Every structure is written in structure tokens, then in C-alpha cells.
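# Coordinates in review
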Amino acid sequence: MHTTDWARDVVRALFAIYLARPHEMPAAYAERADVPIMLMITQRQVALIDRVAERHPGLRLAICHLALPTGKRDADALREFDLLLPIAKRPNVMVKASA
């Protein structure tokens with residue numbers, strides 16, 4: 001099985017779960033299954049993820065690349081870095097600094 005086949009099967013399975021139970025967020029499934037979720041988000045989206053992390057304390061979340069915006073560099077990339085700081089209070093969230 002190729003990686004693309006595996007990824008397609010996962011997407012199909014998640015879509016089937018969503019269709020069967022649209023009232024339940026995928027976060028609840030990941031929390032129950034103890035499956036961590038990696039997120040490529042921007043710093044402006046951190047508040048949304050903070051609310052998800054609060055509602056699902058058993059859900060492990062990893063925010064990739066400090067939530068830095070793509071295509072920006074230096075001071076311009078860090079302009080909204082303070083939006084990332086409030087999520088530091090969540091023990092179920094980690095932030096990766098790799099680039």
C-alpha cells in the first residue's frame with residue numbers, strides 16, 4: 001500500500017465518521033482514541049485552538065512552526081507572535097519551532 005492510498009483511506013474513514021455523527025467534532029474522536037493532532041495554523045487561529053484544547057483536555061495538539069505565517073520573514077513574521085502566548089497555559093498543547 002502506498003502512502004497516498006493510506007492517506008486517502010484515512011480521509012474516507014474520517015468523512016464517513018463525520019457523516020454518521022455530524023454533531024460530534026473530530027476532536028472528540030481523536031481525544032477518545034488518544035490520537036494527537038498536528039496543526040498548521042496561523043497565529044490568528046490560536047484562539048480557536050485554545051477553545052478546542054479547553055473543551056477537550058485529553059486531546060493532544062501540536063502547533064507546527066510556531067504558527068508563523070508562510071511567506072513572511074523576520075519582524076514581519078513575528079508581528080503577531082503575542083497571539084500564540086495565551087495557549088501556553090494548556091498542558092495538552094505543544095508548539096513546534098522546527099522550520
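The coordinates are above.
Residues numbered from 1 in each chain as written. Predicted model: local features only at pLDDT ≥ 70, side-chain atom pairs only at ≥ 80, totals over all residues. Heavy atoms only, no water.

### Here's the deal with the overall build of the protein chain
- From N to C terminus, the protein chain includes four helices and three strands.
- Helices and strands appear in the protein chain in the N-to-C order α-α-β-α-β-α-β.
- The buried share of the protein chain, reckoned over its 99 residues, is 25%.
- Of all intrachain contacts in the protein chain linking residues separated by at least 6 positions in sequence, the fraction that spans at least 24 positions is 72%.
- Accessible area for the protein chain stands at about 7,200 Å²; split by element, carbon and sulfur atoms hold 62% of it. (Helix = DSSP H or I, 4+ residues; strand = E, 2+ residues; numbered from the N terminus. Buried < 20%, exposed > 50% of the residue type's maximum accessible area, 1.4 Å probe, protein only. Contact = heavy atoms within 4.5 Å. Areas by Shrake-Rupley, 256 points an atom, 1.4 Å probe, with all protein chains shown as cover.)

### Focus: the nonpolar core
- By size, the foremost hydrophobic cluster in this structure holds 15 residues, and its most contacted members are Ile41, Ile49, Leu61, Ile63 and Ile87.
- Elements that contribute at least two residues to this core include exactly helix H2 (26–33), helix H3 (46–55) and strand S2 (61–63).
- A total of four residues in this core trace back to one element, the largest contributor, which is H3.
- Not counting chain neighbours up to four residues away, the residues in contact with Ile41 comprise Val46, Ile49, Ile63 and Ala67. (Core = buried A, V, L, I, M, F, W, Y, C linked by side-chain atoms within 4.5 Å.)

### A few points about the pattern of salt bridges
- By the definition in use, this model includes six salt bridges.
- Measuring nitrogen to oxygen at the nearest pair gives 2.5 Å for the salt bridge that ties Glu80 to Arg44. Taken as a pair, Glu80 in the loop between helix H4 (74–78) and strand S3 (93–95) and Arg44 in the loop between strand S1 (37–39) and H3 lie far apart in primary sequence, 36 residues in all.
- The closest approach of N and O atoms between Lys89 and Asp50, which form a salt bridge, is 3.3 Å. One end of the pair, Lys89, is in the loop between H4 and S3; the other, Asp50, is in helix H3, and 39 residues separate them in sequence. (Salt bridge = Lys/Arg side-chain N within 4 Å of Asp/Glu carboxyl O.)

### Comments concerning the sheet that holds S2
- Pairing within the open sheet is parallel, and its three strands lie in the order S1-S2-S3. If you trace the sheet from one side to the other, it starts and ends with S1 and S3, each paired once. Here the strands of the sheet are splayed against their neighbours by 20° on average, with no regard to which way each runs.
- By the bridge criterion, three bridges tie S2 to S3 in an arrangement that is parallel. Opposite Leu61, over in S3, you have Val93 as the bridge partner. (Pairing = 2+ DSSP bridges. Axes fitted to C-alpha atoms, helices over the stretch in contact; angles between N-to-C directions.)

### Section: H2
- Here H2 has its buried residues at Ala27, Ala28 and Ala30. Taken down its axis, H2 places every buried residue within 165° of arc, on the same side. Exposed side chains of H2 directed beyond 90 degrees from the buried face belong to Pro26 and Arg32.
- Where H2 is buried, its residues touch S1 and H3.
- Within two residues after H2, Asp34 carries a phi angle of roughly 55°, on the positive side. (Arc of directions from axis to C-beta.)

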